[in-house]
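# Inside the fold
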Amino acid sequence: MKLTPEQRIQLHGFNNLTKSLSFNMYDVCYTRTKEERKAYIAYIDEQYNSDRLTKILNTVSDIIGAHVLNIAKQDYEPQGASVTLLVSEGPVIGGPNESFEESPGPLPDSVVMHLDKSHITVHTYPEYHPNEGISTFRADIDVSTCGEISPLKALNYLIHSFDTDIMTLDYRVRGFTRDINGHKLFIDHDINSIQNYIPKEECLLYDMIDVNIYQENVFHTKCKLKQFDLNNYLFGYTKDALTKKEQEEITHRLKTEMDEIFYGKNIRS
C-alpha cells in the first residue's frame, strides 16, 4: 500500500525508532553413535559455515535496502560460526517507497525500503545430548534497524534459508521519534502478530503460539512443524533399517526434544 503525502506522518528530523527482530531456528536429528554425531556436526558446520552465513546476511541486507559498512565473521572449533554486519542506509533501486502493510517480505530478487544505522548478526550452536542420541542445531539471527522499515520484511527469506523444525520469533520496537509538533511516536506501523509477516502457506505447516504485549510493542511467536516423518530426522539411513520398537522409541525421543524446545521446559517421559 503506497501512502499519499497527506497520509504519511511528518516527522521532526530523523525517525529514531529502533526495531529488532530475533529469529531463532532449531533443527533436530537422531544420531545413534558417536560417529554419527560427529558426522552430523561436521555436516552442519559445512552447510552453515561463516561464508554461507555471510551470503545469507548480505541478502537480508539487500532485502531491507541497506548498505554494508563492515563484515566480521568467524568459524569456531570444535563447531559453530558467527557473522556480524554493520550496515547503514543505502540506495534502493526498483523497490517501493513505502511498505507499512502487514505482509510477508520478498524473497531475494527485489529490494524493499530504506534503512539507517543498524546491524545484522548470526550465531550458530550445533550440539548433542550426551545420552539420548539427539543432536540439535540452533541458529540465532538478529536484525536491528533504525528508521521507517521493520526488519520483519526479511523474515520470509530467513525461513526459506534454513531447514527449520522449530522457530522462536521476537519483534520489539524501542525508543520514540517525534512528529513536527513534538508529539512522541512509540511505533509507526500497525502490527498485531508476527504471523502476518509469514506466508499463509508456511503458517499452515506449523503449530503456532503468540504471546504479545501490545502496550509495550513486544511481539512473540513460536512455531513447530505439524507433520512428523521419522525419515527426515535420521542421519545417513531410513527408518526401514530399524525395528518397529526402535522406530517408536526414537520417535518418542525426538518428539519429546521438540516439545521441550517449543514449550521451553523439560518434560518428563
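These numbers come from a predicted model, not from an experiment. (Residues numbered from 1 in each chain as written. Predicted model: local features only at pLDDT ≥ 70, side-chain atom pairs only at ≥ 80, totals over all residues. Heavy atoms only, no water.)

## Observations concerning the pattern of salt bridges
Applying the stated rule across the entire model yields 6 salt bridges. A salt bridge links Asp-51 to Lys-73; its shortest N-O distance comes to 2.6 Å. Residue Asp-51 is found in helix H2 (residues 50–63), and its partner Lys-73 is found in strand E2 (residues 66–75); the two are separated by 22 residues along the sequence. (Salt bridge = Lys/Arg side-chain N within 4 Å of Asp/Glu carboxyl O. Helix = DSSP H or I, 4+ residues; strand = E, 2+ residues; numbered from the N terminus.)

## Let's talk about the environment of Ala-66
The topology assignment puts Ala-66 in strand E2. For Ala-66, a relative accessible area of 14% corresponds to the buried category. (Buried < 20%, exposed > 50% of the residue type's maximum accessible area, 1.4 Å probe, protein only.)

## Focus: the side chain of Ser-22
As for its placement among the helices and strands, Ser-22 is situated in strand E1 (residues 18–30). In terms of polar contacts, Ser-22 uses its side chain to reach the side chain of Asp-142, at 2.6 Å. Residues in contact with Ser-22, not counting those within four places in the same chain, are Ile-141, Asp-142, Thr-168, Leu-169, Asp-170 and Arg-172. (Polar contact = N/O pair within 3.5 Å; in protein donor to acceptor, adjacent residues only side chain to side chain. Contact = heavy atoms within 4.5 Å.)

## Focus on unusual backbone geometry
Here the bond from Glu-77 into Pro-78 is cis, since omega is 5 degrees, no more than 30 degrees from zero. Mapped onto the secondary structure, Pro-78 falls in the loop between E2 and strand E3 (81–89). Its identity as a non-glycine residue notwithstanding, Asn-217 has a phi of 55 degrees, on the positive side. With respect to the helices and strands, Asn-217 occurs in the loop between strand E9 (206–213) and strand E10 (218–225).

## What to know about the packing of aromatic side chains
Under the counting rule described, the total for this entry stands at 10 aromatic pairs. Here the aromatic rings of Phe-23 and Phe-162 are separated by 6.2 Å at their centres, their planes lie at 40 degrees, and the arrangement is tilted. Here the residue Phe-23 occupies a position in strand E1, and Phe-162 occupies one in the loop between helix H3 (155–161) and strand E6 (166–174), the gap between them amounting to 139 residues. A relative accessible area of 0% means that Phe-23 is categorised as buried. Residue classification places Phe-162 among the buried residues on the basis of a relative accessible area of 4%. Linked through ring pairs, Phe-23, Tyr-48, Phe-137 and Phe-162 together constitute an aromatic cluster. Here the guanidinium or amino end of Lys-222 rests over the ring plane of Phe-262, the centre of that ring lying 5.4 Å away. (Phe/Tyr/Trp six-rings, centres within 6.5 Å; stacked < 30°, edge-to-face > 60°. Lys NZ or Arg CZ within 6 Å of the ring centre and 35° of its normal.)

## With respect to the nonpolar core
Phe-23, Leu-155 and Phe-162 are the most contacted members of the largest nonpolar core, which totals 45 residues. Among the elements that make up this core, the one with the highest residue count is H2 (5 residues). Counting 14 residues, the second largest nonpolar core, distinct from the first, contains Tyr-26, Val-28, Leu-234 and Ile-250. (Core = buried A, V, L, I, M, F, W, Y, C linked by side-chain atoms within 4.5 Å.)

## Let's talk about H2
Spanning 14 residues, H2 covers 20 Å between terminal C-alpha atoms, matching the ideal 20 Å at 1.5 Å per step. Among all positions of H2, only Ser-50, Leu-53, Thr-54, Ile-56, Leu-57, Thr-59, Val-60, Ser-61 and Ile-63 are buried. The backbone nitrogen of Asp-51 lies 3.1 Å from a side-chain oxygen of the residue at the head of H2, namely Asn-49. At the exit of H2 stands Gly-65, carrying a positive phi of roughly 75 degrees. (Expected span 1.5 Å × (residues − 1).)

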